[in-house]
Amino acid sequence: MLKIAVLVSGGGTNLQALIDAQKAGQIVGGEIACVIASKPGVYALERASKAGIPTEVLVRKEYPTMEDYDNALIGTLERYGIDLIVLAGFMTIISDHVIRKYTNRMINIHPSLIPSFCGEGFYGLRVHEAALQKGVKVTGATVHFVNEICDGGPIILQKAVAVEQDDTPETLQRRVMEQAEWKILPQAVSLYCQGKLTVKDDHVLIAK
Ligand code: GRF
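A. How the structure looks around the environment of Ser-38. Turning to its location among the elements, Ser-38 is positioned in the loop between strand 2 (30–37) and helix 2 (43–50). Taking the C-alpha atoms as reference points, Ser-38 and Lys-137, separated by 99 residues in sequence, lie 34 Å from one another. When neighbours within four sequence positions are excluded, Ser-38 is seen to be in contact with Val-8, Ser-9, Leu-58, Val-59, Phe-90 and Thr-92. Of note is the side chain of Ser-38, whose polar atom sits 2.7 Å from the side chain of Ser-9.

Structure follows, in C-alpha cells:
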C-alpha cells in the first residue's frame, strides 16, 4: 500500500472525492495516510477527522525561512512514510527543493484544460473568470505531476466540461468540480498507486 498525503487549504471537496473513492475501494494500492493543511480551521481538516485520517497543520509564516518550512514539511512527510503527495487546493508555495525531492511523486489538480488558463495568478475563481471572458465553449480540469514550472508538469489526465451561455464563474467552477475534478483526481491517484504511470520525455504514459 502506498501512503498518500493530501495537502489542502480550503473546503476540501477534492479531498472528499478522494476519501469517498477510498471508501468505495477505488484507490487501488494506496491509502490516505495524512492530510496537511496550510492553515488551521479549514473545513478540509474536519472532513479528514470525520474519515479518521490524521491531520497536520503547517503555517508558512510560522517558520522564519523557507528552509525551515521545507524541513518541517519534509519531516512531516517522512514521519508518515509518504510515497505520493496530492495538492488539492493547496495555496502555499512549495519550494523547488521540495518539488525536486518529490519528482514524479507529487500531483496537482488544476481547474482548466492546461495549457489554457494556468500558471501564475490562475487559481480559484480567477481561472473560470478568464475562461468566461475569453468565451471558450469547453473548459475542464487537469491532473498533472508538479515540476518547477507553475502548472507546467507532465499531464496525467484531463476531462472536458461544456461552458453554458449563462454561466457565472461560480456555476462554471461547480460544474468543473462535479464533472471533472472529483472524477479525474481519484482516477489519477489510483493509477499512480497501481504503478501504471510512467514519465518519459515530460509525457505521462498510462499502462493499460
Ligand atoms: C479546486 O478547484 C482545485 O482545482 C484547485 O483548488 C480548488 C480546491 O477546492 N487547485 P477544494 O478545496 O478541493 O474544494
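Read on for the rest.
B. Spotlight on the site of the ligand. The full set of residues close to the ligand is Gly-11, Gly-12, Thr-13, Asn-14, Gly-89, Ile-109, Pro-111, Met-177 and Glu-181. Contacts to the ligand include Asn-14, whose backbone N or O atom sits 2.8 Å from an oxygen atom. In this structure, Glu-181 approaches the ligand through a side-chain N or O atom, which is 2.7 Å from an oxygen atom. Looking at side-chain class alone, the shell around the ligand contains 3 nonpolar, 5 polar and 1 charged residues.

C. A look at the pairing of strand 2. Within strand 2, 7 of the 8 residues are buried, which leaves the element mostly enclosed by the surrounding structure. Pairing geometry for strand 1 (residues 2–8) and strand 2, over 7 bridges, is parallel. Note that in strand 2 the partner of Val-6 across the bridge is Val-35. Regarding topology, helix 1 (residues 13–23) serves as the crossover connection from strand 1 to the parallel strand 2, and that connection is right-handed. In the sheet, strand 2 pairs with strand 3 (residues 55–57) via 3 bridges, with the strands oriented parallel.

About the thresholds
Residues numbered from 1 in each chain as written. Predicted model: local features only at pLDDT ≥ 70, side-chain atom pairs only at ≥ 80, totals over all residues. Heavy atoms only, no water. Helix = DSSP H or I, 4+ residues; strand = E, 2+ residues; numbered from the N terminus. Contact = heavy atoms within 4.5 Å. Polar contact = N/O pair within 3.5 Å; in protein donor to acceptor, adjacent residues only side chain to side chain. Near = heavy atom within 4 Å. Nonpolar A, V, L, I, M, F, W, Y, C, P; charged D, E, K, R; others polar. Buried < 20%, exposed > 50% of the residue type's maximum accessible area, 1.4 Å probe, protein only. Pairing = 2+ DSSP bridges. Right-handed = clockwise from strand over helix to strand, strands pointing away.

Shape descriptors only; they carry no functional weight alone.
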